[in-house]
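Notes for the structure review
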Amino acid sequence: MIDVSKLAVPGSIEETLLDKIDLKRLPRHVAVIMDGNGRWARARSLPRVEGHRAGITSVRETVETAARLELGVMTLYAFSVENWKRPRIEVMTLMMLLKEYLRKELATLMENNIRFTPIGRIDGLDPTVQRELRYAEEKTAGNSGLLFQIALNYGGRAEIVDTCNRIMNLLREKEMSDAVIDEAFFSDHLYTANVEDPDLLIRTSGELRVSNFLLWQIAYAEIHVTKTLWPDFRRRHLFEAIIDFQARERRYGAVEPAEEREMFVEAEDGS
Ligand code: IPE
Ligand code: IPE
Ligand code: MG
């Protein structure tokens, strides 16, 4: 049971927003492109890395809110395969902040029954980062609440190519090289095997692009873009995204059921 008292204090903006949410129709998987840290810092005449540091508070609050809403999965895009193009000092600081976050937040993840797992080309990360990731993953493996996926050294195209290679190796090993695969089989070999596709994709800082994130999995995700920069993103912004999501009509290429019934009646009337 969702404990609403843990999501909003009486009389707050959060409470007004929470009232507008149908708790029975929540998205099961929310994915977030956390963007705008650099702009947040620049607006304050601070170095870019200060934006990344401030973004940790947003990560903490977003993940905790997702757990309290009893969502199934939250996936956060933290570092793309393209982000290696950034200055070395920025990359190093990002990795250091990640290690610091994992060390500090492990207790909170445990308290909230959150299972943590990284997705991406993890073996391409520094061994010290890999060690922290493995530790957090192992410690939280038995938790049964929210699945918190963090995308690191992640690229959607890289994932699709890695999946193709994984499948080819598998079929070669089993001497089934001429087998024909289908979408379900392909999905089952992605980094996100066994995880349902995102229902809602949020991008902060106003950019209207997907920047190589979960390309296969977002085929039918609803997209919510907010101008809010990631370090300013709080619980109320997640609530706003969910309200927006619940106002959408998801069709998956079909027609709306009501419209289909109308067409049926019209056909029976001979009109
Ligand atoms: C997102 O913020 C964090 C990462 C991509 C790691 P940015 O660093 O991209 O911030 P902007 O887009 O330059 O404002
Ligand atoms: C996307 O943000 C990657 C992450 C949030 C990790 P970027 O800031 O790297 O994306 P672009 O360069 O604006 O497309
Ligand atoms: Mg950016």
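For the structure, see preceding data.
Given the structure is predicted, the values throughout are model-derived calculations rather than measurements.

**Considerations on the site of ligand 2**
The local shell around ligand 2 consists of Ile33, Met34, Asp35, Tyr77, Ala78, Phe79, Ser80, Asn83, Arg86, Arg203, Arg209 and Ser211. Between Arg86 and ligand 2, the recorded distance is 3.3 Å, taken from a side-chain N or O atom to an oxygen atom. In this structure, an oxygen atom belonging to ligand 2 sits 2.6 Å away from a side-chain N or O atom of Ser211. Alone, ligand 2 offers 390 Å² of accessible surface; in the complex the protein occludes 78% of this. With 4 residues, strand β2 (residues 73-80) is the single largest residue contributor to the shell around ligand 2.

**A closer look at the nonpolar core**
Among the nonpolar cores identified, the biggest contains 49 residues, and Leu133, Leu146 and Phe148 are the most heavily contacted of them. In terms of residue count, the dominant contributor to this core is helix α4 (residues 88-111) (9 residues). Other than its neighbours up to four places away in sequence, Leu133 contacts Leu98, Leu102, Phe116, Pro118, Ile122, Leu125 and Leu152. If you look at the next biggest cluster of nonpolar residues, it comprises 12 residues, including Tyr154, Leu201, Phe213 and Ala221.

**A closer look at a negative patch on the surface**
Negative charge collects at one region of the surface, where Glu262, Glu266, Glu268 and Asp269 lie side by side. Summarising the element assignment, Glu262 is placed in helix α9 (residues 257-269).

**A look at the pairing of strand β6 (residues 222-225)**
Burial along β6 is one-sided: the face carrying Glu222 and His224 is buried and the face carrying Ile223 and Val225 is not. Here 4 bridges tie strand β5 (residues 200-203) to β6, and the two strands are oriented parallel to one another. Considered in β6, the bridge of Arg203 is made with Val225.

**Focus: the sheet that holds β5**
Here we have 6 strands laid out as an open sheet, ordered β3-β4-β2-β1-β5-β6, and parallel in their pairing. The sheet is open, and its two edges are formed by β3 (115-119) and β6, each paired on a single side. Shown here is a sheet whose adjacent strand axes are inclined to one another by a mean of 20°, direction ignored. Contacts from helix α5 (residues 127-140) reach β3 and β4 (147-154) within the one sheet, and its direction differs from that of β3 by about 145°. Contacting β1 (29-33), β2, β5 and β6, helix α8 (residues 235-246) runs over the sheet at an angle of about 135° to β5.

Conventions adopted
Residues numbered from 1 in each chain as written. Chains lettered and ligands numbered in written order. Predicted model: local features only at pLDDT ≥ 70, side-chain atom pairs only at ≥ 80, totals over all residues. Heavy atoms only, no water. Near = heavy atom within 4 Å. Polar contact = N/O pair within 3.5 Å; in protein donor to acceptor, adjacent residues only side chain to side chain. Areas by Shrake-Rupley, 256 points an atom, 1.4 Å probe, with all protein chains shown as cover. Helix = DSSP H or I, 4+ residues; strand = E, 2+ residues; numbered from the N terminus. Core = buried A, V, L, I, M, F, W, Y, C linked by side-chain atoms within 4.5 Å. Buried < 20%, exposed > 50% of the residue type's maximum accessible area, 1.4 Å probe, protein only. Contact = heavy atoms within 4.5 Å. Patch = residues over 30% accessible without salt bridge, like charges linked within 9 Å, V, L, I, M, F, W, Y side chains within 5 Å. Salt bridge = Lys/Arg side-chain N within 4 Å of Asp/Glu carboxyl O. Lys, Arg positive; Asp, Glu negative; His and termini not counted. Charge placed at Lys NZ, Arg CZ, Asp CG, Glu CD. Pairing = 2+ DSSP bridges. Axes fitted to C-alpha atoms, helices over the stretch in contact; angles between N-to-C directions.

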